[in-house]
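# Topology and contacts: notes
Read off the chains here:
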Amino acid sequence: MQITVARIGWGEANPVDIHILLADAASHLLEPLRTRPEGAIAVVPAPALRPVPMVHRRTSARGPFLIQLSARDRSWSQYAYQFSHELCHVVCNFETLSHDNPNGWFHEALCELASVFTLRRMAGRWPTSPPYPNWAAYSRSLTEYADDLLNRTDSQLPSGTTLADWLVSQEAELRTDRYRRNGSATAAYSLLPVFEDEPEGWNSVRHLPDSRGSLVDYIGDWHGVVPELDRSFVLRVLDSFLSHGQ
C-alpha cells in the first residue's frame, strides 16, 4: 500500500523519517497477507480539536484511507504504535463493520494486539536491519514501549482467571463500550502469543463478519467465512476464549 505523510505538523520530526518508520511498521502486518487491502493511506497530524489517533471512513471507495496520529516530534515508538493500530482497522475491513456492532470491542482488541505485535517485530529486526544504521540502538526503546503496555496492571488477567472466565464477567460491558481500553487490551495481550506463533493468522482478520451475536458465536461465524487455510487459526482464537483451564 502506498503511504503518504503530511509535510507539516509533526513538531521536530522530519516527515521523510516518519514515512520510513511507518513503512517499516506496515511491513510487519502486510507481509504475511495473501491479499492486501487496496488503496493508499494518507497520514496526517491529529487536529487540535480532536487530538486522538484514528482512521476515517472513506467517502469514496477510490479515495485514500485517512489516518491521523497524535504522536509528535521523534517519539518513534508512539508513531509505530498508533499507526499499526489504525492500519489494522484497514486490514480488518473496518468499513464493513456497523457503527453500532456490539462486537466492535473485539476489533479494537485485535488492533491493540497489532500495535504490540508490530512493536515487538520491529524491535527484533532493527538490531540488524534498521531503517537507518543509527536507529539500530532504538530497538531497545521499541521493546520497552511494548513491555510497558504488556505490563500495565489494568490490562492483566486477574490471578487464577482464564481468558474464558474473564470474558464471562466482562463481555456484557464490552458490548456497550468498545473503547473501554483496559478491556480490549486484556484480550489483546492474551491473544498475542497466538499471533506471534502464527503470523499468517493475520490473513483471517481480512474476513471478520458483521454479525452481532456473543463473541463465541461471532468467532463461529468468522470461522464459517474465512478461507479453509485460515480455519485452524480461527479455532485457536476460539479455544482461547473457551478454555477454562483445569
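Let me begin by describing the structure that accompanies this report. Fair warning: this is a prediction, and the values are worked out from it, not measured in the lab.

Parameters at a glance
- Residues numbered from 1 in each chain as written.
- Predicted model: local features only at pLDDT ≥ 70, side-chain atom pairs only at ≥ 80, totals over all residues.
- Heavy atoms only, no water.
- Pairing = 2+ DSSP bridges.
- Helix = DSSP H or I, 4+ residues; strand = E, 2+ residues; numbered from the N terminus.
- Axes fitted to C-alpha atoms, helices over the stretch in contact; angles between N-to-C directions.
- Contact = heavy atoms within 4.5 Å.
- Parallel < 35°, antiparallel > 145°, perpendicular 65-115°, else oblique.
- Left-handed = near helix turned anticlockwise from the far one by under 90°.
- Nonpolar A, V, L, I, M, F, W, Y, C, P; charged D, E, K, R; others polar.
- Disulfide = S-S within 2.5 Å.
- Buried < 20%, exposed > 50% of the residue type's maximum accessible area, 1.4 Å probe, protein only.
- Core = buried A, V, L, I, M, F, W, Y, C linked by side-chain atoms within 4.5 Å.
- Phe/Tyr/Trp six-rings, centres within 6.5 Å; stacked < 30°, edge-to-face > 60°.
- Salt bridge = Lys/Arg side-chain N within 4 Å of Asp/Glu carboxyl O.

## Focus: the sheet that holds strand β4 (residues 65-69)
Pairing within the open sheet is mixed, and its four strands lie in the order β1-β2-β4-β3. Edge positions in the open sheet fall to β1 (3-5) and β3 (54-56), since each of these has one partner strand only. Recorded for the sheet is a direction-independent mean angle of 25 degrees between the axes of neighbouring strands. Here β1 runs beside strand β2 (residues 41-45); their pairing, made up of three bridges, is parallel. Bridging from a neighbouring strand, Val-5 pairs with Val-43 of β2. Packed on one face of the sheet, helix α1 (residues 15-30) meets β1, β2 and β4 and runs near 150 degrees to β1. Across the sheet, helix α2 (residues 76-91) touches β1, β2, β3 and β4, and the angle it forms with β4 is around 155 degrees.

## Details of the packing of α2 against helix α3 (residues 104-125)
A pair of packed helices is captured by two measures, namely the crossing angle of their axes and the spacing between those axes. Between α2 and α3, the least distance of the axes is 8 Å, while the angle of their chain directions is 135 degrees. Classed by the angle they form, the pair α2 and α3 counts as oblique. Crossing of α2 against α3: the hand is right-handed. The segment α2 lies against α3, with Ser-77, Ala-80, Tyr-81, Ser-84, His-85, Cys-88 and His-89 engaging His-107, Glu-108, Leu-110, Cys-111, Glu-112, Ala-114, Ser-115, Thr-118, Leu-119 and Met-122. Taken together, the residues that form the contact of α2 with α3 break down as eight nonpolar, seven polar and two charged.

## What to know about the state of the cysteines
Applying the stated rule across the entire model yields zero disulfides. Unpaired in this structure, Cys-92 has its nearest cysteine sulfur neighbour in Cys-88, at a distance of 3.8 Å. Among the cysteines around Cys-111, which has no disulfide bond, Cys-88 carries the closest sulfur, lying 3.4 Å off. Take Cys-111: its relative accessible area is 0%, and that puts it in the buried class.

## Describing the nonpolar core
Within the largest apolar cluster, 74 residues are counted, with the highest numbers of intra-cluster contacts made by Tyr-79, Phe-83, Phe-106, Trp-202 and Phe-241. Of the residues forming this core, the biggest block, twelve residues, is contributed by α3. Look past the residues within four positions of Phe-241 in its chain and what remains in contact with it is Phe-106, Leu-163, Ala-164, Leu-167, Ala-187, Leu-191, Leu-215 and Ile-219.

## Focus: the packing of aromatic side chains
Within the structure shown, the criterion is met by 16 aromatic pairs. With 6.0 Å between their ring centres and 70 degrees between their planes, Phe-106 and Trp-222 make a pair best called edge-to-face. In this pair, Phe-106 is assigned in helix α3 and Trp-222 in helix α7 (residues 215-225), connecting sequence segments 116 residues apart. In this structure an aromatic cluster arises from ring pairing among Trp-10, Trp-76, Tyr-79, Trp-126, Tyr-132, Trp-135 and Tyr-138.

## Concerning the pairing of β4
Counting buried positions along β4 gives four out of five residues, so the element sits mostly inside the fold. Across five bridges, the pairing between β2 and β4 is parallel. Paired with Ile-41 across the two strands is Phe-65, which belongs to β4. As judged from the three bridges shared by β3 and β4, these two strands associate in the antiparallel manner. When the bridges of β4 are listed, Val-55 appears paired with Ile-67.

## Overview of the pattern of salt bridges
According to the stated counting rule, one finds eleven salt bridges in the structure shown. For Glu-12, the salt bridge is made with Arg-74, and the minimal N-O distance between the two is 3.3 Å. Placement of the pair is Glu-12 in the loop between β1 and α1 and Arg-74 in the loop between β4 and α2, with a sequence separation of 62 residues. In this structure, the salt-bridge partner of Arg-236 is Glu-198, at a minimum N-O distance of 3.1 Å. Highlighted residues: Arg-236 in helix α8 (residues 228-242) and Glu-198 in the loop between α6 (181-197) and α7, separated in sequence by 38 residues. Its relative accessible area of 31% is what places Arg-236 among the partly exposed residues.

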